[in-house]
Structures are given as structure tokens and as C-alpha cells.
Amino acid sequence: MLGVGLALVGCAGNPTRNAEKSADVNAQMGLRYMQQGNNERAMDKLTRALSFDRRHGEANHYLAILYQRLDRPDDAEGHFRDAIRALPDDSSLLNNFGAFLCGSGRYDEGEKFLLKVLEDPVYPQRGAVHENLGLCMTRKGDLEKAESHLRKALSQNPKLHKSLFGMADLNYQSGNYLSARAYFQRYLEVARYTPNSLWLGIRIERKLGDRDALSSYEMHLKNRFPDSEQARLLQESEQK
């Protein structure tokens, strides 16, 4: 902080530059607090950044993500749009906003922003964009587009766990149970158990008949997530 203070003193003759520098510093501090999981301090620093420059693109972007994390979607969207007004060609920002819109059920609008990111030939996280598009199209019910994007995501990064799970689920829905198992096993190599993943594994092995795998998934679901919706579904299915 001493170094920051000295830097600001050096700009004392230029109030506008002072404000820009203060906004930059507070935005970066807010980001670091977010990365540490300290939402309260992050909020303090990011709102302080906007007190110096309310149009600051990065501060608005980080605040949007923070409000999304806090389940305040209206506030998140407002800051996303403020950020885009300041940084209309920032591919990382457009990717995050597109994913946010898809998560809010606004699939066509989200797809538009995500496709715009793919027009950036040097954006390094293209696999993540295809993953977001694949998940978005899955929720929309356009399974053909979903599979196309998830395959492209995995061609960029074979260990993207959401894409692996998405492909396992799509293949299960299509009745391609052996392919569903193959993708699910790849998913388990890079991700932890969740109630949703265990429930998918159970349904796959009920079709394919690996009793050992089936018993293992059932045991993990009952013991580790006894209060989950998926555990309730398992119990109901066993009583039929």
C-alpha cells in the first residue's frame, strides 16, 4: 500500500489521472479479494473503484461477477452492461456475460454474445466459450448444436469437466449408453462427485449392468449427499 500511495502522490497535478489510477488500484484489489473468497472486502474495494470512476470497465465487470456470486442477478446484469459500454470488445467480458444470460434462460441473447467472442481469433479460452455454448444449447433443448459445441470444447481441452459431463448426459438421453459411460468415466478422472453426476452414473449403469459401479455410485450418493434431490429420486426408484 505504501507503493500505491507514493504513486498517487506523483500524479497530484492531474486530478483525472489520479482518479483513473485510484480506480485501477481498487479494482485490482477487489479482484484479488474475490479470488480469495473475501466477498465483503471485494465489494468494498470495487464500489470504491467506482466512486473514482463509475464507468470503469474492469470494476464493473468484477462487480457483475461478484453480484452473480451473491445471487443478485439484476445488479449483476446492470454492471455487466456498464462494463460492456466501457469495454465493448473485451472477449473475456463478453464470454462471462453470454454465460450469465444463458444461465438466466435468455439463450438466444447469450448465444449472440458467445458467438461474438469466437470471432476473436486470438482469444485464448476458445474451449471455454464452446463449453458455454454447449451448455447453453443443452438448456435450450437444441441438442444438435449442444453436441457440436461440446465436441469443439473437448478438442480444445479434453479435460473440461462440464463438457465431459454434458457429453455423457447427451449420449444417455440419446440412448448411446456405452458412449455415455465412456464420457462419464473421463469426467470422473477430472472432477469430484456431485449429486447430479452420481445420479447420471447410476442411470447409465442401470442400462449397462455393471453392478459394482452401480453399487458404488449408489453408496456415494446415499452416504455423501443424503439430503439431495438426487438421493430422494434414488430412494423412490428403489421402491418401485
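About the criteria used
- Residues numbered from 1 in each chain as written.
- Predicted model: local features only at pLDDT ≥ 70, side-chain atom pairs only at ≥ 80, totals over all residues.
- Heavy atoms only, no water.
- Helix = DSSP H or I, 4+ residues; strand = E, 2+ residues; numbered from the N terminus.
- Buried < 20%, exposed > 50% of the residue type's maximum accessible area, 1.4 Å probe, protein only.
- Axes fitted to C-alpha atoms, helices over the stretch in contact; angles between N-to-C directions.
- Parallel < 35°, antiparallel > 145°, perpendicular 65-115°, else oblique.
- Left-handed = near helix turned anticlockwise from the far one by under 90°.
- Contact = heavy atoms within 4.5 Å.
- Disulfide = S-S within 2.5 Å.
- 1 Å grid on protein atoms, 1.4 Å probe; cavity = no way out; pocket = protein on both sides within 12 Å on 5 of 7 lines; lining within 4 Å.
- Points joined across faces, edges and corners; volume = space filled by probe spheres on them.
- Salt bridge = Lys/Arg side-chain N within 4 Å of Asp/Glu carboxyl O.
- Nonpolar A, V, L, I, M, F, W, Y, C, P; charged D, E, K, R; others polar.

**Digging into unusual backbone geometry**
Backbone phi values are negative for most residues with the exception of glycine, while trans is the configuration of most peptide bonds.
Stage number 1. In this structure, D71 is a non-glycine residue whose phi angle is positive, near 60 degrees.
Stage number 2. Structurally, D71 is set in the loop between α4 (57–69) and α5 (73–86).
Stage number 3. On the basis of relative accessibility, which here comes to 65%, the residue D71 falls in the exposed class.

**Brief notes about the packing of α4 against α5**
Stage number 1. For the pair α4 and α5, the least separation of the axes is 8 Å and the interaxial angle reads 160 degrees. Judged by the inter-axis angle, α4 sits roughly antiparallel to α5. Here α4 runs over α5; the crossing is left-handed. Contacts from G57, N60, H61, L63, A64, I65, Y67 and Q68 in α4 reach D75, A76, H79, F80, D82, A83 and A86 in α5.

**Some words on the state of the cysteines**
Stage number 1. The tally for this structure, following the rule as stated, stands at one disulfide.
Stage number 2. Between the sulfur of C102 and that of C136 lies a disulfide, 2.0 Å long from S to S. Here the disulfide of C102 and C136 is left-handed, its torsion about the S-S bond being about -80 degrees. Of this pair, C102 sits in helix α6 (residues 91–103) while C136 sits in helix α8 (residues 126–140), placing them 34 residues apart in sequence.

**Observations concerning the layout of surface pockets**
Stage number 1. Each pocket or cavity is described by its volume, and for the largest pocket that value is around 330 Å³.
Stage number 2. Forming the boundary of the largest pocket are 16 residues, of which E131, L135, T138, R139 and K162 lie nearest the centre.
Stage number 3. Elements that contribute at least two residues to the lining of the largest pocket include exactly α6, α8, α10 (161–173) and α12 (195–208).
Stage number 4. Examining the composition of the lining of the largest pocket, we find that five residues originate from one element, α8, more than from any other.

**Remarks on the pattern of salt bridges**
Stage number 1. The full count for this structure, using the stated rule, is 14 salt bridges.
Stage number 2. The shortest N-O distance in the salt bridge between E109 and R106 comes to 3.4 Å.
Stage number 3. A relative accessible area of 29% places R106 in the partly exposed class.
Stage number 4. One network of salt bridges, with partners in common, ties together E77, R81, R106 and E109.

**Here's the deal with the environment of L188**
Stage number 1. Locating L188 in the fold gives a position in helix α11 (residues 177–190).
Stage number 2. For L188, the residues in contact, after removing those within four places along its chain, are Y193 and Y217.

**Remarks on the packing of α10 against α12**
Stage number 1. It is at 11 Å that the axes of α10 and α12 come closest, and there the two elements cross at 40 degrees. For the pair α10 and α12, the sense of crossing is left-handed. Counted together, F165, A168, D169 and Y172 of α10 and N196, S197, L200, R203, I204 and K207 of α12 form the full contact between these two elements.
Stage number 2. Considered class by class, the residues forming the contact of α10 with α12 number five nonpolar, two polar and three charged.

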